[in-house]
Amino acid sequence: MPCINNNLIKVQQQIHEAATATGREPADITLLAVSKTRTADELKQAYDHGQRHFGENYLQESLEKIDALSALDDLCWHFIGPIQSNKTRPIAESFHWVHSVDRIKIARRLSEQRPEHLPALNICLQINISGEESKAGCLPEDTATLVAEIAALPRIKLRGLMAIPQATDDPEQQRDAFHRMQQLFTELKQNHPTLDTLSMGMSGDMAMAIAEGATIVRIGTAIFGARDYSNKQN
Ligand SMILES: *Cc1c(COP(=O)(O)O)cnc(C)c1O
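Now for a quick tour of the structure. What you see is a predicted model; the values in this text were computed from it and never measured.

**Section: the nonpolar core**
- One finds Val98, Val101, Leu110, Ile150, Leu161, Val217 and Ile223 to be the most contacted residues of the largest nonpolar core, which totals 62 residues.
- Residues in contact with Val217, not counting those within four places in the same chain, are Ile15, Ile29, Thr30, Leu31, Leu32, Met200, Gly201, Met206 and Ile210.
- Counting 8 residues, the second largest nonpolar core, distinct from the first, contains Val34, Cys76, Cys124 and Met162.

**Some remarks on the side chain of Arg114**
- On the secondary structure map, Arg114 appears in the loop between helix 5 (104-113) and strand 5 (121-127).
- Of the side chains with opposite charge, Glu93 lies nearest to the buried Arg114, which makes no salt bridge, at 9.1 Å.
- Separated by 2.8 Å, the side chain of Arg114 and the backbone oxygen of Phe95 make a polar contact.
- Once residues within four sequence positions are removed from consideration, Arg114 is found in contact with Ala92, Phe95, Pro119, Ala120, Leu121 and Arg155.

**So, the pattern of salt bridges**
- By the definition in use, this model includes 10 salt bridges.
- Across the pair Arg103 and Asp102 runs a salt bridge, and its minimum N-O distance is 3.1 Å.
- We note a salt bridge from Glu212 to Arg175, for which the minimum N-O separation is 2.6 Å. Linking Glu212 in the loop between helix 8 (206-211) and strand 8 (216-219) with Arg175 in helix 7 (residues 171-191), this pair joins segments that are 37 residues apart in sequence.

**Points about unusual backbone geometry**
- In this structure, Thr37 takes a positive phi of about 70° despite not being glycine.
- As for its placement among the helices and strands, Thr37 is situated in the loop between strand 1 (30-34) and helix 2 (40-48).

**Concerning the packing of aromatic side chains**
- The final tally for this structure, using the stated rule, is 2 aromatic pairs.
- Their ring planes at 40° and their centres at 6.0 Å tell us that Phe54 and Trp77 sit as a pair that is tilted. Of this pair, Phe54 sits in strand 2 (residues 53-56) while Trp77 sits in strand 3 (residues 76-79), placing them 23 residues apart in sequence.
- Judged by centre distance (5.3 Å) and plane angle (80°), the rings of Phe79 and Phe95 are edge-to-face. Of this pair, Phe79 sits in strand 3 while Phe95 sits in the loop between helix 4 (88-94) and strand 4 (97-101), and the two are 16 residues apart along the sequence. By the burial criterion, Phe79 is buried, and Phe95 matches it.

What counts and how
Residues numbered from 1 in each chain as written. Predicted model: local features only at pLDDT ≥ 70, side-chain atom pairs only at ≥ 80, totals over all residues. Heavy atoms only, no water. Core = buried A, V, L, I, M, F, W, Y, C linked by side-chain atoms within 4.5 Å. Buried < 20%, exposed > 50% of the residue type's maximum accessible area, 1.4 Å probe, protein only. Contact = heavy atoms within 4.5 Å. Helix = DSSP H or I, 4+ residues; strand = E, 2+ residues; numbered from the N terminus. Lys, Arg positive; Asp, Glu negative; His and termini not counted. Salt bridge = Lys/Arg side-chain N within 4 Å of Asp/Glu carboxyl O. Polar contact = N/O pair within 3.5 Å; in protein donor to acceptor, adjacent residues only side chain to side chain. Phe/Tyr/Trp six-rings, centres within 6.5 Å; stacked < 30°, edge-to-face > 60°.

Have a look at this one:
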């Protein structure tokens with residue numbers, strides 16, 4: 001069993017260092033533990049060491065964990081994977097946040113299906129910042145229109161933007177993608193001042209994302225170790 005506790009402490013230290021190095025408050029950055037392929041027991045270990053935000057990519061697997069851990073009522077569940085439009089209802093019913101909305105159809109369905117007794121669903125719009133043809137996400141030039149449409153939905157609280165920039169070995173190119181996200185975010189805030197979330201940065205590029213303004217970093221491997229997909233069913 002990898003040492004989740006030590007890894008969490010190490011990642012928190014890295015967040016602290018990256019924030020103070022660029023004059024930011026460490027408390028302004030939320031650590032989202034990406035727990036796809038991990039068991040409910042492993043999540044519980046992280047919970048016991050203070051972790052409250054968990055990110056999941058695969059619906060069936062995540063619903064099982066949400067159910068298994070339902071006694072822990074201060075857990076905050078974030079859906080960060082691709083969304084099929086016929087699978088929006090369980091997401092609207094069981095999650096607190098969705099980072100991977102990239103079209104109005106999905107946002108409308110999530111708003112319509114969000115149960116009345118729950119607060120509005122927190123949403124980030126996923127941006128295809130590197131313009132990759134095969135990737136999910138809204139293109140930067142289409143973002144302003146989509147933000148205006150989503151902001152009008154009653155059961156959605158639009159919080160900001162999310163990106164998974166193209167993987168690259170070139171630090172300049174990597175930083176440039178995060179920088180363009182920050183610029184896009186700043187532009188959108190002129191018309192939508194309540195936006196407060198920039199979800200970017202993973203295990204390999206967290207410090208650079210923080211330097212460019214990330215408010216949520218999504219970290220899997222650095223907390224839980226390398227993933228094993230061999231027994232995945234969905
Ligand atoms: C898996 C995943 C992560 C975490 O990646 P690591 O490199 O393991 O930290 C972050 N964001 C998304 C959208 C993911 O699918």
